[in-house]
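A closer look at the structure
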Number of protein chains: 2
Amino acid sequence: MTRARVLIRPKEGILDPQGQAVERALPALGFDGVANVHVGRLVELDVDDVARVPEMCERLLANPLIEDYEVIEVHE
Amino acid sequence: MTRARVLIRPKEGILDPQGQAVERALPALGFDGVANVHVGRLVELDVDDVARVPEMCERLLANPLIEDYEVIEVHE
């Protein structure tokens, strides 16, 4: 089986309230020099056929209307 | 600035109900040959000093009691 890592992010131009909240909270905690914060989801799974993962994203893992996804094969 | 990617996952042995739900749903949608599904969070941010990101994880981004985090520098 192949270990697949799926990174799911809000699409460009779609509101990212979690990212905004983190970006505002970090300086208040003393962490300056932080920008472009985005919060998304991470799905990791073992699959027989990694070529089917994009279809899994379209149908279940992501919301393709508002999210982009990226599939990475992990070799550990 | 450096682009940092933070992968946040439930700790080993901590319940991962989202992962379980996905693992059950995929075969019902016709995706067989899937195992060890885990769902976590993804935080991506530009930072002046990537060495401070683990501290940001400890204090804000992750819950170190129940989550592990991994910081990756992204060169795009």
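So, here's what we can say about the structure. Every value quoted in this text rests on a predicted model; they were computed, and no experiment measured them.

Rules behind the numbers
- Residues numbered from 1 in each chain as written.
- Chains lettered and ligands numbered in written order.
- Predicted model: local features only at pLDDT ≥ 70, side-chain atom pairs only at ≥ 80, totals over all residues.
- Heavy atoms only, no water.
- Helix = DSSP H or I, 4+ residues; strand = E, 2+ residues; numbered from the N terminus.
- Buried < 20%, exposed > 50% of the residue type's maximum accessible area, 1.4 Å probe, protein only.
- Areas by Shrake-Rupley, 256 points an atom, 1.4 Å probe, with all protein chains shown as cover.
- Lys, Arg positive; Asp, Glu negative; His and termini not counted.
- Charge placed at Lys NZ, Arg CZ, Asp CG, Glu CD.
- Polar contact = N/O pair within 3.5 Å; in protein donor to acceptor, adjacent residues only side chain to side chain.
- Contact = heavy atoms within 4.5 Å.
- Salt bridge = Lys/Arg side-chain N within 4 Å of Asp/Glu carboxyl O.

**Details of the overall build of chain A**
- A count of helical and extended segments in chain A gives two helices and three strands.
- Secondary structure of chain A in N-to-C order comes out as β-α-β-α-β.
- Here the C-alpha coordinates of chain A stretch approximately 45 × 30 × 15 Å along the principal axes.
- Looking at chain A residue by residue over its 76 residues, the buried ones come to 39%.
- Total accessible area on chain A is roughly 4,200 Å²; 49% of this is exposed by carbon and sulfur atoms.
- Both charge centroids of chain A, one from 8 positive and one from 15 negative side chains, sit 4 Å from each other.

**Focus: unusual backbone geometry**
Residue and element names in this part refer to chain A.
- Backbone geometry at asparagine 36 places phi at a positive 50°, although glycine is not the residue there.
- Tracing the sequence through the fold places asparagine 36 in strand S2 (residues 34-47).
- In this structure asparagine 36 comes out as partly exposed when scored by relative accessible area, which is 44%.

**Some words on the side chain of Glu44(B)**
- Checked against the element boundaries, Glu44(B) lands in strand S2 (residues 34-47).
- On the basis of relative accessible area, Glu44(B) is assigned to the buried category, the value being 7%.
- Within the structure, Glu44(B) has its side chain in polar contact with the side chain of Arg5(B) (distance 2.8 Å).
- Apart from residues lying up to four places away in sequence, Glu44(B) is in contact with Arg9(A), Asn36(A), Val37(A), His38(A), Arg3(B), Ala4(B) and Arg5(B).

**Some remarks on the environment of Met56(B)**
- The topology assignment puts Met56(B) in helix H2 (residues 53-61).
- Considering only alpha carbons, one finds Met56(B) and Glu44(B), twelve residues apart in sequence, at a separation of 12 Å.
- Once residues lying within four places of it in the same chain are set aside, the contact partners of Met56(B) are Leu26(A), Phe31(A), Val34(A), Leu45(B), Val47(B) and Leu61(B).

**Looking at the interface of chain A and chain B**
- If you look at the interface, chain A gives 36 residues, while chain B gives 36 residues.
- For the pair chain A and chain B, the interface holds two salt bridges.
- The partner of Glu44(B) in a salt bridge is Arg9(A), with the nearest N and O atoms 2.6 Å apart.
- For the pair chain A and chain B, the interface holds 18 residue pairs in polar contact (both at pLDDT 80 or more).
- Elements supplying a minimum of two residues to the side of chain A that touches chain B: strand S1 (2-10), helix H1 (17-28), S2, helix H2 (53-61) and strand S3 (67-74) of chain A.

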